[in-house]
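Residues per chain, in single letters:
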Amino acid sequence: MEAVRKSSSVSNNGVVSKLPLYRSAPPLEVRLEDFELYAIDRLRVLKGISDGLSRGKKPDEMAKLVLDLWKTNMKNQHSSEVVNKDIISHFVLRLVYCRTEELRKWFLSMETTLFRYRFRVETTEVQRALMAEFDLPYKAVSNAEYESVKDKLNQVMRAIGQSTTSTDAIFYKVPFEEVPELVAGRKVFIQKGNAYIAMNQVVSLVITQFRSHLSKALVLTNRKWTSMIREQEKDRLAPIIEALSTSYLGPDYSQPREHAEISLKDIDQIAKSSFPLCMRHLFQKLREDHHLKHGGRMQLGLFLKGVGLKLDDALAFWRAEFSRKVGAERFDKEYAYGIRHNYGKEGKRTDYTPYSCQKIISSAPGVGDHHGCPYRHFSEENLRAALTRMGVGSRPLEDVMDKVRNRHYQLACTLTFEAVHGSSCDAGVNHPNQYYNDSQRILESKKSSSNP
Ligand code: SF4
């Protein structure tokens, strides 16, 4: 690892950077446990970035978010371990996210954003060292050339609200098509097909390189994965890799909130006020049809366990509905086992965990199924009708539909939560039980402030 760190972050003039360029995989042994834990921590950073971007955060808000996420999730007591963790986690996630076009696209975009904000806070010396490591074929503009274009350069810098300090006086000359962001934003002086890039603008140049290198590397990693690694590692790494891309990183909701319990007499009212749309829909279908298929029973049953429905009440609840359709005897014979099983009272006696949004969104409900996430699985017409029934007004409804069109289902659910509760949900919705808990908290505090 040390070798990689040196080759990737120490320049000719001895400047050391903690920002690796991930040019080659580290030739070191990693404990299986660290392999997974490091990857999960990096994933928290990338998912936080993805959330920030889809919420439309501005560049300065993103800069703060990215650095906070990095500090919270990637810290380690020893600074050399921080670099190791950085490199190992990046390469593990390359394996995880190389496997489909969609995964590659997401990873490329999040890693590039992460790199951009980390690069921006490095000192000018480190930035120059990193540029040298990229082997960019550009040289700083000579003094004589700088003098000949100085006035034009100053004009452009003034126009974009930047003063030229002595460090900015280092300019690079590059073919203009290599810095599309700067050209589009009219932030550079162009002459004879070359753009003059100030030192504080090189991030654009470096990002183009970083992105193109990582994009090629992901395609190559995918080839290696399908031709070799998947088979070689089928019993060891492959299951971890395959689980990581859909892993849920939030808290465990298998136990209800402290002191929380719901009783059967309140359940209809609570479903109306605090269930997310996926669970409201299942609940309503169960009440209408007195039946749910296996996927629906699992999704709703585990959710109800997480909100505090005790096993005896759960059995009574499901029996009351199912016996109207299949009879009490058949319910006891065929369905009661599944409910006790969810509570860890049958089979392996595992206490099963309520499903996360990610798991629900990636499910594939078939004909006659009612499980899944309505934001993903409903037709536009049905979704609009369901949201209107929940009390979402026409303006927020359009915002929700906009998120759905861009396939940001959890954000669509977050906006619904905010519209229905008149209160913000900064963490975003990641789990139906989190939606429920947050909703109850808001309703309780509204109740106590109206009855002091
Ligand atoms: Fe349910 Fe999550 Fe979909 Fe909301 S985003 S409806 S909580 S699965």
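Before reading on, note that the structure itself is shown above.
Residues numbered from 1 in each chain as written. Predicted model: local features only at pLDDT ≥ 70, side-chain atom pairs only at ≥ 80, totals over all residues. Heavy atoms only, no water.

(A) Up close: the overall build of the protein chain. Looking only at helices and strands, the protein chain features 21 helices and three strands. In terms of overall dimensions, the protein chain has C-alpha extents of about 90 × 50 × 45 Å along its principal axes. Looking at the 452 residues of the protein chain, the share that counts as buried comes to 47%. Put simply, of all contacts in the protein chain between residues at least 6 apart along the chain, 70% involve residues at least 24 apart. Here the protein chain has roughly 23,500 Å² of accessible surface; of this, 50% comes from carbon and sulfur atoms. Of the charged side chains in the protein chain, 68 are positive and 55 negative; the average position of the first set lies 2 Å away from that of the second. (Helix = DSSP H or I, 4+ residues; strand = E, 2+ residues; numbered from the N terminus. Buried < 20%, exposed > 50% of the residue type's maximum accessible area, 1.4 Å probe, protein only. Contact = heavy atoms within 4.5 Å. Areas by Shrake-Rupley, 256 points an atom, 1.4 Å probe, with all protein chains shown as cover. Lys, Arg positive; Asp, Glu negative; His and termini not counted. Charge placed at Lys NZ, Arg CZ, Asp CG, Glu CD.)

(B) Focus on the site of the ligand. Taken together, the neighbourhood of the ligand is formed by Pro276, Cys278, Cys357, Ile360, Cys373, Pro374, Tyr375, Cys413, Val429 and Pro432. For the ligand, the cavity whose grid points lie within 2 Å of the majority of its atoms is the largest cavity. Listed by contribution, the elements that provide at least two residues to the shell around the ligand are helix H16 (357-361) and helix H17 (374-377). Partitioning the shell around the ligand into residue classes produces ten nonpolar, no polar and no charged. (Near = heavy atom within 4 Å. 1 Å grid on protein atoms, 1.4 Å probe; cavity = no way out; pocket = protein on both sides within 12 Å on 5 of 7 lines; lining within 4 Å. Sits in = over half its atoms within 2 Å of the grid points. Nonpolar A, V, L, I, M, F, W, Y, C, P; charged D, E, K, R; others polar.)

(C) A look at the side chain of His90. Within the element layout of this structure, His90 appears in helix H4 (residues 79-97). Not counting residues within four places of it along the chain, the set of residues in contact with His90 comprises Tyr22, Arg42, Phe107, Glu111 and Leu214.

(D) Molecular detail of the nonpolar core. Ile49, Phe115 and Ile197 are the most contacted members of the largest nonpolar core, which totals 66 residues. Take this core: its biggest share by element is ten residues, from helix H9 (residues 202-232). Residues contacting Ile49, with those up to four places away along its chain left out, are Met62, Val66, Leu69, Met110, Thr113 and Leu114. (Core = buried A, V, L, I, M, F, W, Y, C linked by side-chain atoms within 4.5 Å.)

(E) Up close: the layout of surface pockets. Taken as a whole, the largest pocket spans an internal volume of roughly 1,900 Å³. Together, 50 residues line the largest pocket, and Lys47, Ser50, Trp106, Gln358 and Gln410 are the ones closest to its centre. Ranked by residue count, the leading element in the lining of the largest pocket is helix H2 (residues 32-54), at eight residues. For the lining of the largest pocket, the per-class residue count stands at 17 nonpolar, 22 polar and eleven charged. (Points joined across faces, edges and corners; volume = space filled by probe spheres on them.)

(F) The arrangement of unusual backbone geometry in detail. With a phi angle near 55°, His290 is a residue other than glycine that sits in the positive phi range. One can find His290 in the loop between helix H12 (277-289) and helix H13 (294-307). His290 gets classed as buried once you look at its relative accessible area, which sits at 15%.

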